[in-house]
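Descriptive structure summary
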Amino acid sequence: MKKDVNICIKGVYVAEEERTTTELYTVGSLCKKNGHYYLTYAESETTGFEGCVTTMKLEEDRVTVIRRGPATAHLILQKGIRNVGRYEMMGTLMDIGVYTDGMESTMTEDGGSLHLKYTMDMNSALLSENELDISVTQI
């Protein structure tokens, strides 16, 4: 059953010694299907992906992020593993490496939290170190 939820996403991104923090408060939906949680929300100007819809599939040992719209992404975050995902922005398609250092979830059908700590690289060159804290509450 799909539920309407409030979502707070706090992100910290460090690239070339420059630290950027963002906060996004939005509404979205949370549902459980085949034992996995799906969190879906619309991106905004705050995140730089206005017009996109992001879905996160939360499994026991990994999170899959799928973004659709003017910019697209398909990334898999799995603790201790480097995965290569597709990222398209402004007509440029890139293969991005994602190495997940930390992942903790307390998600239930009523909401919860998700913490992700990961790095992104391209051609083995570090792009950024990232940390996301996502909290989800029912409306």
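Just so it is clear, the model here is predicted, and its values are computed rather than measured.

1. A few points about the pairing of strand β9 (residues 111-122)
Two strands pair when backbone bridges link them, and strand β8 (residues 92-105) and β9 are joined in this way by eight bridges, in the antiparallel orientation. Note that in β9 the partner of Ser 105 across the bridge is Leu 114. Adjacent in sequence and paired antiparallel, β8 and β9 are bridged by five residues. As paired strands, β9 and strand β10 (residues 125-138) are joined by twelve bridges and run antiparallel to one another. The partner of His 115 across the bridge, within β10, is Asp 133.

2. Describing the pattern of salt bridges
This model, assessed by the stated rule, comprises five salt bridges. Among the ionic pairs, Glu 43 bridges to Arg 67, the shortest N-O distance being 3.4 Å. Placement of Glu 43 in the loop between β3 (36-42) and β4 (53-58) and of Arg 67 in strand β5 (residues 62-68) is noted, with a sequence separation of 24 residues between them. As far as the burial class goes, Glu 43 and Arg 67 line up, both buried. The partner of Arg 86 in a salt bridge is Asp 95, and the shortest N-O contact between them spans 2.5 Å.

3. Quick word on the packing of aromatic side chains
What the rule picks out here adds up to one aromatic pair. Geometrically, the ring pair formed by Phe 49 and Tyr 87 is edge-to-face, given 6.4 Å between the ring centres and 75° between the ring planes. Of the two residues, Phe 49 sits in the loop between β3 and β4 while Tyr 87 sits in strand β7 (residues 82-89), which places them 38 residues apart along the sequence. Just as Phe 49 is buried, Tyr 87 falls in that class too. Here the basic side chain of Arg 67 rests over the ring of Phe 49, its NZ or CZ set 3.9 Å away from the ring centre.

What counts and how
Residues numbered from 1 in each chain as written. Predicted model: local features only at pLDDT ≥ 70, side-chain atom pairs only at ≥ 80, totals over all residues. Heavy atoms only, no water. Pairing = 2+ DSSP bridges. Helix = DSSP H or I, 4+ residues; strand = E, 2+ residues; numbered from the N terminus. Salt bridge = Lys/Arg side-chain N within 4 Å of Asp/Glu carboxyl O. Buried < 20%, exposed > 50% of the residue type's maximum accessible area, 1.4 Å probe, protein only. Phe/Tyr/Trp six-rings, centres within 6.5 Å; stacked < 30°, edge-to-face > 60°. Lys NZ or Arg CZ within 6 Å of the ring centre and 35° of its normal.

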